[in-house]
Amino acid sequence: MEAVEFDRVIASAPNREDRIAWFGALLAKESQTRVEIVGGSAIEIYLSSSEYISQDVDLVGARDRIEPVLRRWDFRQVEGRSRRVYWLKKSIGLVDIVGAGDRSGLRPPRIETPYGPVWVSAVEPLITRRLSRAHRERSDALFGQAVRLAEGRKLDWEYLETLAKYEGAASLLKQLQKKVKK
């Protein structure tokens, strides 16, 4: 797929979270490697862009397979803080290849898109990150996002308890458990 076709497909996405998921699926297909959307971008997919918008697209995958595709699609490299390199294209925003593999140890769900599958971070690390920030920043909004991420899902509570304790957010996890009725 060349840049013109990529731009046409991405422009046809009905909303931002679909655009991110489609981007991940197209990137996986073109780079012939697994791509996992992580961080704030994964939260945006889970909650929808009407509730949360990430500032960049964080992904996990084989950099040596992904970067040639980004070049072909007319993304350009930009240097951020601490000389970190990002990829930029107006229709997607900043893309940050954060590593070769997810280190959470949890299996990411596979989401089907019209352009193939994309993997999205397991929800537990996202919940823990929201709880940690909610605790640190004393933020009801971040706690609310953690609750919405947890609602209606089968969760690995042992994982959540271990990480929340490590992050100093165990009391907020207990509040979350009551809200989602573990």
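This one's a predicted model, so the numbers in the text were calculated from it and none came from an experiment. Every chain's residues receive numbers from 1 upward, in the order its sequence appears when written. Selection of residues for local features in this predicted model requires a pLDDT of at least 70, selection of side-chain atom pairs for listing and counting requires 80 or more, and totals for whole chains, interfaces and linings are taken over all residues. For side-chain calculations, the full set of non-hydrogen atoms in the structure is used, while hydrogens and water are omitted.

Enquirer: Any chance you could explain the overall build of the chain here in plain terms?
Expert: A tally of regular secondary structure across the chain gives eight helices and seven strands. Compactness check: the chain gives a C-alpha radius of gyration of 17 Å against a globular reference of 16 Å for 182 residues, within 12% of the reference. Judged by the C-alpha coordinates and their principal axes, the chain covers about 50 × 35 × 25 Å. In what follows, a contact means two residues having at least one pair of non-hydrogen atoms within 4.5 Å. Put simply, 60% of the contacts in the chain that link residues at least 6 apart link residues at least 24 apart. The Shrake-Rupley method, run with a 1.4 Å probe, gives the accessible areas here. Residue values count only the displayed protein chains as cover. Only carbon and sulfur atoms are counted for the fraction: they give 47% of the accessible area of the chain, which is about 9800 Å². The convention is simple: Lys and Arg are positive, Asp and Glu are negative, and His and the chain ends are not counted. Every charge is mapped to an atom, namely NZ of Lys, CZ of Arg, CG of Asp or CD of Glu. Here the chain contributes 32 positive and 26 negative side-chain charges, whose respective centroids are spaced 3 Å apart. Think of it this way: any DSSP run of H or I at least four residues long counts as a helix, any run of E at least two long counts as a strand, and we number them from the N terminus. What the globule rule says is 2.2 Å times the number of residues to the power 0.38, and the radius of gyration is computed from C-alpha atoms.

Enquirer: Would you mind showing me how to read helix H1 (residues 3–11) here?
Expert: Residues separated by three or four positions in an α-helix point in the same direction, a consequence of the helix having 3.6 residues per turn. Under the scheme applied here, a residue whose accessible area is under 20% of the maximum for its type counts as buried, over 50% as exposed, and between as partly exposed, the area being computed with a 1.4 Å probe on protein chains only. Those residues of H1 lying buried are Ala3, Phe6, Val9 and Ile10. The buried residues of H1 all sit within an arc of 125 degrees when viewed along its axis, so they share a single face. Exposed positions of H1 whose direction lies more than 90 degrees from the buried face are Val4 and Ala11. Looking at the buried side of H1, the elements it contacts are helix H2 (16–31), helix H4 (63–72) and strand E4 (85–89). Picture the helix axis, draw a direction to every C-beta atom, and the arc is the one those directions span.

Taken by themselves, the reported measurements are silent on function.
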